[in-house]
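# Working through the structure, step by step
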Amino acid sequence: MNIRLEYVLFGFGILFCLAGVGYLAAEYVQNLSEAGKLVSLLLTVAMFAFLSKYFEGIGW
Amino acid sequence: MATKRRNLYLYLTLICFLAIIGIFIVDGYMGIYDTIYVTTGEWEHKIESDAWRDNDPHWSSGMTRGEKAFVRYEVDNRQFSRYEADIEVSVWQMQAKVKDVLAQHMALGAFSKGQIEWEIDSAELIPPDATPEQEFNYTLKIKRGEIERNIILYINPVPYPVIKTVPAPPR
């Protein structure tokens, strides 16, 4: 098992990025209006759908 | 053609992500937010702006008779424009005004905070003929322009009333 150090660092970077975005989302989601929450939910679903299509396209 | 299509999905993902961030900034962060801090005894209650969103009127704070409540009202202007409002604070009981506490004009610049402090003395609210065992409820009304915040103030009797000892008469 030979994992390159770069990939480990990338993994940490992505993890910290997700943690940061998650923290901010948890902090400000309370202040969102009902319409804002709904649109955010729809955009999140669309974002994951497009991301899935992208990964499908590159052969994952 | 396939690469173009693939990249299109990636761009759409990025657009969705940026749109979510945009909604969080515009809808979640920006606006006028007020926080009320009520200190009674050694306890500080913090009532944040989102507490009023569910229209729950049961925000309350209690104090023992003879004590004072120290209130701090903080307004956070998270807008690009200046914000001005008249702040009126009063104490009510049974839909009748008991006392005007303060009336003040507040002007805040863009992305700045302002605060007003006052105190409420329970001795000034309780009627003079009240018995020591009686407890009282009052509503503290904080009016900022069109917006009204109500906090119920419980004034509890002293838990162990001072017993006055009468010296025995000399024999």
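The sections below set out a description of the structure shown in this document. (Residues numbered from 1 in each chain as written. Chains lettered and ligands numbered in written order. Predicted model: local features only at pLDDT ≥ 70, side-chain atom pairs only at ≥ 80, totals over all residues. Heavy atoms only, no water.)

### A short note on helix H2 (residues 34–57) of chain A
With 24 residues, H2(A) ought to run about 34 Å at 1.5 Å a step, and its terminal C-alpha atoms sit 35 Å apart, in line with that. Summarising the contacts, the buried residues of H2(A) are in contact with helix H1 (2–29) of chain B. Count one or two residues on from H2(A) and you reach A:Gly59, which has phi positive near 95°. (Helix = DSSP H or I, 4+ residues; strand = E, 2+ residues; numbered from the N terminus. Expected span 1.5 Å × (residues − 1). Contact = heavy atoms within 4.5 Å.)

### What about the pairing of strand E3 (residues 60–64) of chain B?
Residues and elements named next belong to chain B. The side-chain alternation of E3 yields one buried face, formed by Ser61 and Met63, and one unburied face, formed by Ser60, Gly62 and Thr64. Bridge count between E3 and strand E9 (residues 147–156): five bridges; the pairing is parallel. Paired with Met63 across the strands is Ile155, a residue of E9. (Buried < 20%, exposed > 50% of the residue type's maximum accessible area, 1.4 Å probe, protein only. Pairing = 2+ DSSP bridges.)

### Topic: unusual backbone geometry
Residue and element names in this part refer to chain B. Even without being a glycine, Met94 presents a positive backbone phi close to 55°. In this structure, Met94 sits in the loop between strand E5 (83–93) and strand E6 (96–108). For Met94, a relative accessible area of 77% translates into the label exposed. With phi around 65°, Gln95 is a residue other than glycine that occupies positive phi space. Topologically, Gln95 is positioned in the loop between E5 and E6.

### Re the pattern of salt bridges
Close approach of charged atoms lets side chains of opposite charge pair. Scanning the entire structure with this criterion turns up 13 salt bridges over all chains. Linking A:Arg4 and A:Glu6 is a salt bridge whose minimum nitrogen-to-oxygen distance equals 3.0 Å. The exposure class of A:Arg4 is partly exposed, given its relative accessible area of 44%. Relative accessible area serves as the criterion here: at 43%, A:Glu6 is assigned to the partly exposed category. Between B:Asp76 and B:Arg78 there is a salt bridge, with its nearest N and O atoms 3.0 Å apart. (Salt bridge = Lys/Arg side-chain N within 4 Å of Asp/Glu carboxyl O.)

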